[in-house]
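Chain residues, written in single-letter form:
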Amino acid sequence: MAHRITLIPGDGIGPEVSKAVVDILESTGVGFEWERVEAGAAEFERTGESLSLDVIEACKRNRVTLKGPIGTPIAKGFQSVNVRLRKVLDLYCNFRPVESLPGALTHFGDMDMIIVRENTEGLYAGLEHEVVPGVVESLKIVSERASTRIARWAFEYARTHGRKRVTCVHKANIMKMSDGLFLKCFRNVAVDYPEIHHDEKIVDALCMNLVMNPHQFDMLLLENLYGDIVSDLGAGLVGGLGMVPGANIGDDSALFEAVHGTAPDIAGQNIANPIALLRSGILMLEHLGEPHAAHRVRRALEHVMTRTDVRTRDLGGTASTSEFTAALCSAIQSGAGLD
Ligand code: NAI
């Protein structure tokens, strides 16, 4: 039976990279039925609405969404489509694997780390107001329910994927109540997973440790703001935002997305690198219960990346998006990279 997926191509290079990813995923032979819907800046220009109820309904109905990057018009007074989707679909877990790939220029090789970020609370609740002229207050929300839920998600992932250690990242030495509660929930949940080592790191020390010796970490668990920042630091360890996947996961829905932006400077030129969205597509295959297809795409990608003639310009090559896509489709079909 075909998997029915909501496809939001997005703005800028979004339609190009999502077409590439759809072609590559279909080359595995897995059946897909794509429900293509529009959201974002171009849709706002066309209809006055950046995220319609129909799009939200499609995401809810199909339960799995693949999304290209979306431009957020600045100073036009509406919330980011990405933030709204996370909220309405209750996608409480932001999942970012930080994995090395041949062909990327990096300081460290063999990276294999998982970042789990709480996606609904913290300072991203967006509760800000002007107390008196010249003084603004921004509220950081931390709840026992959300902190426990994300900690349990991280430990369950560790248990089912053979991970050995979960490190909770915090600043509870200063934010004793809010980060203190996040940490307390982590400790409470850890008790149920005695086989998994758990420890704690203050966020500033973690950043230094990550740039000096990232291999010491296995899984990181962070609240929203620290998770956002450390995720990009993690991306930098393996070649930048153009290389890393992202998934937003809830109990009823999941959304797989490129974490880079719309790259307006190269849009429409068939030179964008589709790897970030493709790796999100690999996570989507795993989520859909297609681990063999996911494995085939992953191995084919690693194999293709050892060649210099199919790299896109951002990786120092000259290949177009469609040349890279064609090379990957044929690598998948020939079983390249499989032992
Ligand atoms: P950007 O990521 O779009 O571009 C930064 C630089 O990286 C540019 O030089 C671009 O050409 C390059 N780049 C990005 N992705 C690439 C790819 N796949 N292949 C080759 N080169 C790539 O960041 P920028 O310029 O700050 O943002 C542009 C727009 O994207 C803004 O409207 C922003 O709001 C939006 N954005 C959307 C995101 C999302 O939907 N997840 C995330 C970040 C930004």
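Before any of the text, the structure's been laid out above.
Rules used in this analysis
- The numbering scheme is per chain: residues are counted from 1 as the chain's sequence reads.
- Confidence filtering applies because this is a predicted model: local features only for residues at pLDDT of at least 70, side-chain atom pairs given and counted only at 80 or more, and all residues used for totals across whole chains, interfaces and linings.
- To obtain the side-chain values, all non-hydrogen atoms of the structure were included, while hydrogens and water were left out.
- Helix and strand assignments come from DSSP, with helices taken as H or I runs of at least 4 residues and strands as E runs of at least 2, each series counted from the N terminus.
- For every residue, the accessible area (1.4 Å probe, protein chains only) is compared with the maximum for its type, and the residue is labelled buried under 20%, exposed over 50%, or partly exposed between those bounds.
- Every residue pair with non-hydrogen atoms within 4.5 Å of one another is taken to be in contact.
- All accessibility values rest on the Shrake-Rupley procedure with a 1.4 Å probe; residue burial counts only the protein chains present in the view.
- Note on geometry: axes are C-alpha line fits, over the in-contact stretch for helices, and angles between N-to-C directions span 0 to 180 degrees.
- Note on terminology: angles under 35 degrees are roughly parallel, angles over 145 are roughly antiparallel, angles of 65 to 115 are roughly perpendicular, and the others are oblique.
- By the definition used in this description, the sense in which the near helix is turned from the far one sets the handedness, with an anticlockwise turn below a right angle giving left-handed and a clockwise turn giving right-handed.
- Only Asp, Glu, Lys and Arg are considered charged, only Ala, Val, Leu, Ile, Met, Phe, Trp, Tyr, Cys and Pro nonpolar, and every remaining residue, Gly among them, polar.
- Only when DSSP finds a minimum of two bridges between them are two strands counted as paired.
- Take the residue count of a helix, subtract one, and multiply by 1.5 Å to get its expected span.
- The term salt bridge refers to a side-chain nitrogen of Lys or Arg lying within 4 Å of a carboxyl oxygen of Asp or Glu.
- The patch calculation keeps residues exceeding 30% relative accessible area without a salt bridge and links them within 9 Å when they carry like charges or within 5 Å when they are nonpolar (Val, Leu, Ile, Met, Phe, Trp, Tyr).
- We place a 1 Å grid over just the protein atoms. Points where a 1.4 Å probe fits but has no way out form a cavity, open points with protein on both sides within 12 Å along at least 5 of 7 lines form a pocket, and any residue with an atom within 4 Å of a point lines it.
- Grid points are joined across faces, edges and corners, and a volume is the space filled by probe spheres set on the points.
- Within 3.5 Å is the distance limit for a polar contact, defined as a pair of N or O atoms, with the added protein rule that one can donate a hydrogen and the other accept it, and that residues adjacent in sequence qualify only through two side-chain atoms.

**Student:** What exactly am I supposed to notice about the overall build of the protein chain here?
**Tutor:** Of regular secondary structure, the protein chain possesses 11 helices and 12 strands. In terms of its C-alpha atoms, the protein chain occupies a principal-axis envelope of roughly 55 × 50 × 40 Å. Looking at the protein chain as a whole, 55% of its 339 residues are labelled buried. Of all intrachain contacts in the protein chain linking residues separated by at least 6 positions in sequence, the fraction that spans at least 24 positions is 74%. Put simply, the protein chain shows about 15,100 Å² of open surface, and 54% of that area lies on carbon and sulfur atoms.

**Student:** Even after reading the chapter, I still don't get the packing of helix α5 (residues 144–160) against helix α6 (residues 178–190), so can you show me in this structure?
**Tutor:** Axis angle and axis distance: for two packed helices, these are the angle between their axes and the distance between the axes, and together they describe the pair. At their nearest, the axes of α5 and α6 sit 8 Å apart, and the two run at 45 degrees to each other. In terms of orientation, α5 and α6 fall into the oblique class. The way α5 lies across α6 gives a crossing that is right-handed. Contacts from Glu-144, Ser-147, Thr-148, Ile-150, Ala-151, Arg-152 and Phe-155 of α5 reach α6 at Leu-181, Phe-182, Cys-185, Phe-186, Val-189 and Ala-190. Classifying every residue of the contact of α5 with α6 by side-chain character gives nine nonpolar, two polar and two charged.

**Student:** Would you mind showing me how to read the sheet that holds strand β4 (residues 93–99) here?
**Tutor:** Backbone hydrogen bonds hold the strands of a sheet together, and the pairing may be parallel or antiparallel. Spatially, β2-β1-β3-β12-β11-β4-β5-β10-β8-β9 is the arrangement adopted by the 10 strands of the open sheet, whose pairing is mixed. The open sheet is flanked by β2 (32–36) and β9 (197–202), the only strands paired with a single partner. In this sheet, adjacent strand axes meet at a mean angle of 25 degrees when their direction is disregarded. Across five bridges, strand β11 (residues 245–249) lies against strand β12 (residues 254–258) in antiparallel orientation. Bridging across to β12, Ile-249 finds its partner in Ala-254. Here α6 sits on the sheet and contacts β5 (112–118), β8 (165–170), β9 and β10 (219–222); the angle it forms with β8, its principal contact strand, is near 165 degrees.

**Student:** Honestly, helix α9 (residues 275–287) in this entry has me stumped. Any pointers?
**Tutor:** Because the α-helix completes a turn every 3.6 residues, residues three or four places apart line up on one side. For α9, which comprises 13 residues, the first-to-last C-alpha distance of 18 Å matches the rise-based estimate of 18 Å (1.5 Å per residue) to within 8%. Among the residues making up α9, those that are buried are Ile-275, Ala-276, Leu-277, Leu-278, Arg-279, Ser-280, Gly-281, Ile-282, Leu-283, Met-284 and Leu-285. At the C-terminal side of α9, Gly-289 shows a positive phi close to 80 degrees.

**Student:** Could you clarify how one ought to interpret the pattern of salt bridges in this entry?
**Tutor:** Where charged atoms from two side chains of opposite charge approach closely, those side chains can pair. Tallied over the entire structure, the rule returns 23 salt bridges. Between Arg-163 and Asp-112 there is a salt bridge; the shortest N-O distance is 2.7 Å. Taken as a pair, Arg-163 in the loop between α5 and β8 and Asp-112 in strand β5 lie far apart in primary sequence, 51 residues in all. Residue classification places Arg-163 among the buried positions, given a relative accessible area of 14%.

**Student:** I'm lost on a nonpolar patch on the surface in this one. Help?
**Tutor:** Taken together, the side chains of Leu-127, Leu-139 and Ile-141 make up a nonpolar region of the molecular surface, amounting to roughly 220 Å² of accessible area. Within the secondary structure, Leu-139 is located in the loop between β7 (135–138) and α5. For Leu-139, a relative accessible area of 35% gives the class partly exposed.

**Student:** How should empty space enclosed by the protein be read in this particular structure?
**Tutor:** Sizing a probe to match a water molecule and rolling it over the atoms shows the empty space that remains. The final tally for this structure, using the stated rule, is one cavity of 30 Å³ or more. In this structure, the largest cavity spans a volume of roughly 40 Å³. Every residue lining the largest cavity is listed: Glu-118, Glu-121, Gly-122, Ile-141, Val-142, Ser-147, Phe-182 and Glu-223. Here the residues of the lining of the largest cavity sort into three nonpolar, two polar and three charged.

**Student:** Would you explain the side chain of Asn-248 in this entry?
**Tutor:** By secondary structure assignment, the location of Asn-248 is in strand β11. At a separation of 3.3 Å, a polar atom in the side chain of Asn-248 contacts the side chain of Arg-86. Of the polar contacts made by the side chain of Asn-248, one reaches the side chain of Glu-257; its length is 2.9 Å. Excluding residues within four positions of it along the chain, Asn-248 makes contact with Arg-86, Leu-91, Cys-93, Asn-94, Asn-119, Ser-253, Ala-254, Leu-255 and Glu-257.

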